[in-house]
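Residue-level structural notes
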Amino acid sequence: MNLNDIQRVAEEENEFQRAYKYRINVCCSSGCVPFGAFKVLKAFEDAVKEFGVENICKVARTGCVGTCSVGPAVLVDPGEYLYQSVTPENVREIVQSHIVSGVPVKKYLYVNESYFRKQQRLVLRNAGKIDPTRIQDYISTGGYFALAKCLLIMTPQGVIQEIVSSGLRGRGGAGFPVGQKWSLVARASNTPKYIVANLDEGDPGVFANRTLAEADPHAIIEGMIIAGYAIGAQKGYVYIRSEYPLAIEALQKAIAQAKEINLLGDNILGTQHKFDLELRFGAGAFVAGEETAILMSVEGRRAQPRPRPPYPANQGLWNNPTLIQNVESLANAPFIILNGGTWFKSFGLPNCTGTKCFSLTGEINNPGLIEVPMGITLREIIYDIGGGIPNGKKFKAVLVGGPSGGCLPESVLEAQIDYDSLKSVGAIMGSGGIVVLNEDSCMVDTARYFTDFCIEESCGKCTPCRAGLARVKEIFDKITTGEGELNNIDILEEASEYIINASLCGLGQTAPNPILTTLRYFREEYLEHIVNKKCKAGVCFRHENGGGK
Amino acid sequence: MTTNDIRRTRLEKVLKNHNYQESALLEILHSAQGIYGYLDRNLLMDIAGSLNLPPSHVYGVTTFYSFFKMRKPGQHIITACLGTACYVKGVEQIVVAIEKEFNLKRGGSTADGKLSLLCTRCIGACAMAPVVVLDDQVIGKATKELVIEKIRNVLEGVKDESE
Amino acid sequence: MTEISVVSLKIDGVQVSVPEGTTILKAAKDNGILIPTLCDLEGLTPYGGCRLCLVEVTGSPKLFTACTTQVNPGMEVTTNSVRLKNYRKMAVQLLMSERVHMCAVCVANDHCELQALANQLGVDHVSFERHFTRETIDSSHDFLVIDRNRCILCTRCIRVCDKIEGVHTLDLKQRSKDTEVIMDLDESWGDSCSCTGCRKCAKVCPVGAIYIEGESATQTKHRDVAEFITERRKRK
């Protein structure tokens, strides 16, 4: 396959799709499948046949539409009519009215304009629109054209330059500039070089990467091949959580299809470039998302991080130069290459460009998967997109950045989504989790819950994280069972500072964030627990283990 | 051939597909658990021998990752998601209720080996929190009454209508 | 012969020159500056787990483990700031509180690196609740004994067994606070098929976790055994 072939596939596919007046996209991603999405898909296929409209209406299996709380979700084009909580029973009615008579069925429509208005879908531009199991669908939207542009008219250096100029920063948490990372690996002298795409989304409450892989697996693959060309790597691994069967299936299929038409393998698009891709499965270890631990795991070992330097860019997989990049960062690469770094800079903030995907969950009216421009405020996310807190309850805190993120109060909701602003209020970008808590949550218990998570997920290698967090948790157990003393707070602060600064890897270095932010913003709750032996939310002092609702 | 022989033949195929490479240990453990249901000591010794790895290394890797099980699971498995969203939405209550109702502890099985209760950190269906998984069926926006009823039905072999 | 280039740097304000590729720990030691360590042992692959040897490098907000970080030209290293001293005390306290460390009844009393460090750093109390773990002592082997209640998980025994003896009988099982040293498939030591009984694990153990039945620590502990063998092998 060469450039002409790709153009031909795209044209044919577009022509094929233009032949249909309607397109019914049934979301078949992990959020909707458990609630019968595949049955709904089948029902639509049957119904269009029954009404004899299969020639004007295409029924497609797609990835996530974004409204995960009202699944199965179905999107009908043209017009982007979004049906919610569709059941096989109301499929006939939708087809008859919307497709046959041209009248959308109002009572089933998702009416919540604000949910989408403040979002900006770049990475998820294809999610819910294309069939992830068909490579033609991806190609018809301009897929693999960026790869062709790289291989045919750009030098590896030029590709890196374009990424550098886009200002794209790593979406896996720390926000290291992607272009700079690529050029570090490109400059390393040893070969072979490797790429590891990180899809080990272990943070509880986060499913942004999974959704991306389920909805648009080829975007990740194309990004990896482009990165391979830029840094001189011919082998890549996607490290994916084994708990994500649909994402695994989507990627496996996509890899096979790309191999079949020679977008993976030798002589890609008729050039000298080679690239091969393998999946590697995680096995339930949050720490394996850390960049040196992921290497250990890909090598088939205990996922214990090792000190840096040496950095993976020089000594990674089997001591060879390795690029480790979150899949969301990689999926940004194709459209940066196609449209240019300057174009990308028009999204988000000047020093923090582009968008970020978040899973928005907890006590909120519209939970789901969202993609927002950098610079949007937490308040806009929670109230404009999320629709505020349900059941007339009051907002209490928002957890940003997963188990080692921060618990932020009402007073800092004007904080913008960008790496530095979040850091200044005590949170982190993390891999993109936003969980909203209402007044029924106790902040001391919340900090205890996260500490407990980090203890269970600690690899046990370094003293601060292994022994330090365990001692901190005991102090929480005391406070939440009524045995707390005032000096506990000092010890918590002192130990947290030590764990942050002395731990080996990112897990330990960020694990005390929930403790420090709750102490910073909700100190009175600690005092109430310690002095008055009272928990306003009514969560603590109920179980002997000190917690749980 | 006995069931065991058939399983061993399948495992051998997996080992061969991975060229008996040490670095494929995790993939092989995944497949072995899929074939045998769980990873017992003899199986780990077998894998260590086949890959020419020290037994302690294989044991260390197996026990590091929480996905690998070394004990025979119950006939039916109920998995509760303890992810943040589910925790916030009160999954803990459901877990406690299951423990009480069926007389078992999280991580363990009932005395008759019919039901195991596992806890996992986030299955990623957070918008439907709290979520529990009964065998292959995901139950979203779960309540303790609903979950207990579904478990009862499964244990008694009643076909679930909503399936 | 390839020429080894020399790197100049400052450690605690003292200008020193060492061969390229030297670790900060070794560079300091060769110039008379001792940085406290527990998991590190010459002759074994550096581990970076105990966090005792953390040092500050001017210009970086992060701390670096001296045992794993190689020197760079012009580097300015601080090994003994007030903050580092406090962190070291904290590390010793955490290790002391994690399991059973009762010096008076320990076989390694007076030959224990954790005890020596506590003395040297002036750790006179433990501000955390102390844990008295109740792991069974495994004395099933003819002469080697492991008391996991005293283990600080430095993995010296595992590394010496793998790298120097070459059998890899020992490894770690599980993770986090449940991590333990195991023999083969978590066998009792007497049932371990691969153990050669070389005693090197007992010799390098910094505390009293692995010892030899009926032998005093004075006789057992030879912590330079790994370095000695490594040097000998180089000469061959």
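Residue indices begin from 1 for each chain and proceed along its sequence in written order. In the order they appear in the text, chains get letters beginning with A and ligands get numbers beginning with 1. Only residues with pLDDT of at least 70 get local features here, since the model is predicted, and only at 80 or more are side-chain atom pairs given and counted; chain-wide, interface and lining totals rely on the full set of residues.

Turning to the overall build of chain A, a few remarks are in order. If you tally the helices and strands in chain A, you get 22 helices and 15 strands. Whereas a compact globule of 549 residues would reach a radius of gyration of roughly 24 Å, chain A reaches 24 Å, a difference of no more than 12%. In terms of its C-alpha atoms, chain A occupies a principal-axis envelope of roughly 70 × 60 × 40 Å. Note on burial: count the other C-beta atoms lying within 10 Å of the residue's C-beta; 20 or more is buried, 12 or fewer is exposed, in between is partly exposed, and C-beta positions come from the backbone. Counting the 549 residues in chain A, one finds 59% classified as buried. Within chain A, contacts between residues at least 6 apart in sequence are counted, and of these 74% link residues at least 24 apart. For the purposes of this entry, the term helix denotes a DSSP run of H or I that reaches at least four residues, the term strand denotes a run of E that reaches at least two, and both are numbered from the N terminus. Computation of the radius of gyration draws on C-alpha atoms, with the globule rule given as 2.2 Å multiplied by the number of residues to the power 0.38. Throughout, a residue-residue contact means that the two C-beta atoms, derived from backbone geometry, are no farther apart than 7 Å.

This part is about the overall build of chain B. Along the backbone of chain B there are seven helices and four strands. Helices (α) and strands (β) of chain B occur, in sequence order from the N terminus, as α-α-α-α-β-α-α-β-β-β-α. Across its three principal axes, chain B shows a C-alpha extent of roughly 50 × 35 × 25 Å. Burial analysis of chain B (163 residues in total) assigns 39% to the buried set. Nonlocal contacts in chain B, meaning residues at least 24 apart in sequence, comprise 56% of its contacts between residues at least 6 apart.

Residue and element names in this part refer to chain A. Strand order in this open sheet of four strands is E7-E6-E5-E8, and the pairing throughout is parallel. In this open sheet, the two edge strands, each paired with only one partner strand, are strand E7 (276–281) and strand E8 (322–326). Shown here is a sheet whose adjacent strand axes are inclined to one another by a mean of 20 degrees, direction ignored. Whether two strands pair comes down to DSSP finding at least two bridges between them. Note: strand E6 (residues 235–240) against E7, six bridges, orientation parallel. Paired with Tyr239 across the strands is Arg280, a residue of E7. Where helix H13 (residues 327–339) meets the sheet, its contacts fall on strand E5 (194–199) and E8, and the angle it forms with E8 comes to roughly 95 degrees. For every element, the axis is a line fit to its C-alpha atoms; helices are fit only across the contacting stretch, and the angle between N-to-C directions ranges from 0 to 180 degrees.

Attention now moves to the confidence of the model for chain A. A score from 0 to 100, pLDDT tells how confident the predictor is in each residue. When the pLDDT values of chain A are averaged, the result is 94; 99% of them are 70 or greater. Per-residue pLDDT stays below 50 along residues 544–549 of chain A; that stretch engages in 16 contacts with residues further than four places along the chain or on separate chains.

Every contact between the two is made by 37 residues of chain A and, on the other side, 33 residues of chain B. If you list the elements that add at least two residues to the side of chain A that touches chain B, you get strand E11 (355–362), strand E15 (433–438) and helix H17 (443–457) of chain A. Sorting elements by how many residues they give to the side of chain A that touches chain B places E11(A) first, with three residues. Residues were grouped as follows: Ala, Val, Leu, Ile, Met, Phe, Trp, Tyr, Cys and Pro as nonpolar; Asp, Glu, Lys and Arg as charged; and all remaining residues, including Gly, as polar. Per-class residue counts for the side of chain A that touches chain B are 16 nonpolar, 14 polar and seven charged.

The next point concerns the domain arrangement of chain B. Each domain span listed reflects an automatic or database assignment of domains. For chain B, the assigned domains are domain 1 (3–64) and domain 2 (76–155). Just the C-alpha atoms count here: the centres of domain 1 of chain B and domain 2 of chain B sit 30 Å apart.

Further remarks concern the interface of chain A and chain C. Facing 24 residues of chain A, the contacting portion of chain C comprises 25 residues. Residue contributions to the side of chain A that touches chain C peak at eight residues, all from helix H18 (residues 463–481) of chain A. Split by residue class, the side of chain A that touches chain C holds 12 nonpolar, five polar and seven charged.

The next subject is the nonpolar core. Residues and elements named next belong to chain A. With 307 residues, the main nonpolar core has Phe44, Val196 and Ile226 as its most contacted residues. When residues of this core are assigned to their parent elements, the largest contribution, 10 residues, is made by helix H10 (residues 217–231). Contacts of Phe44, omitting those with residues within four sequence positions, involve Ile24, Val26, Val59, Val91 and Val95. We define the nonpolar core as any set of buried residues of the types Ala, Val, Leu, Ile, Met, Phe, Trp, Tyr and Cys, connected via C-beta atoms lying within 7 Å of each other.

All names here are of chain A. Within the secondary structure, Gln180 is located in helix H8 (residues 178–187). We classify Gln180 as partly exposed; it has 14 C-beta atoms within 10 Å. Between the C-alpha atoms of Gln180 and Gly167, which are 13 residues apart in sequence, the distance is 9.6 Å.

Residue and element names in this part refer to chain A. One way to put it is that H17 packs onto helix H21 (residues 513–521) with a least axis distance of 8 Å and a crossing angle of 170 degrees. Taken together, H17 and H21 sit at an angle that is classed as roughly antiparallel. Every residue of H21 that contacts H17 at Met443, Val444, Thr446, Ala447, Phe450 and Thr451 is listed here: Pro514, Ile515 and Thr518. Working definition: roughly parallel below 35 degrees, roughly antiparallel above 145 degrees, roughly perpendicular at 65 to 115 degrees, and oblique for all remaining angles.

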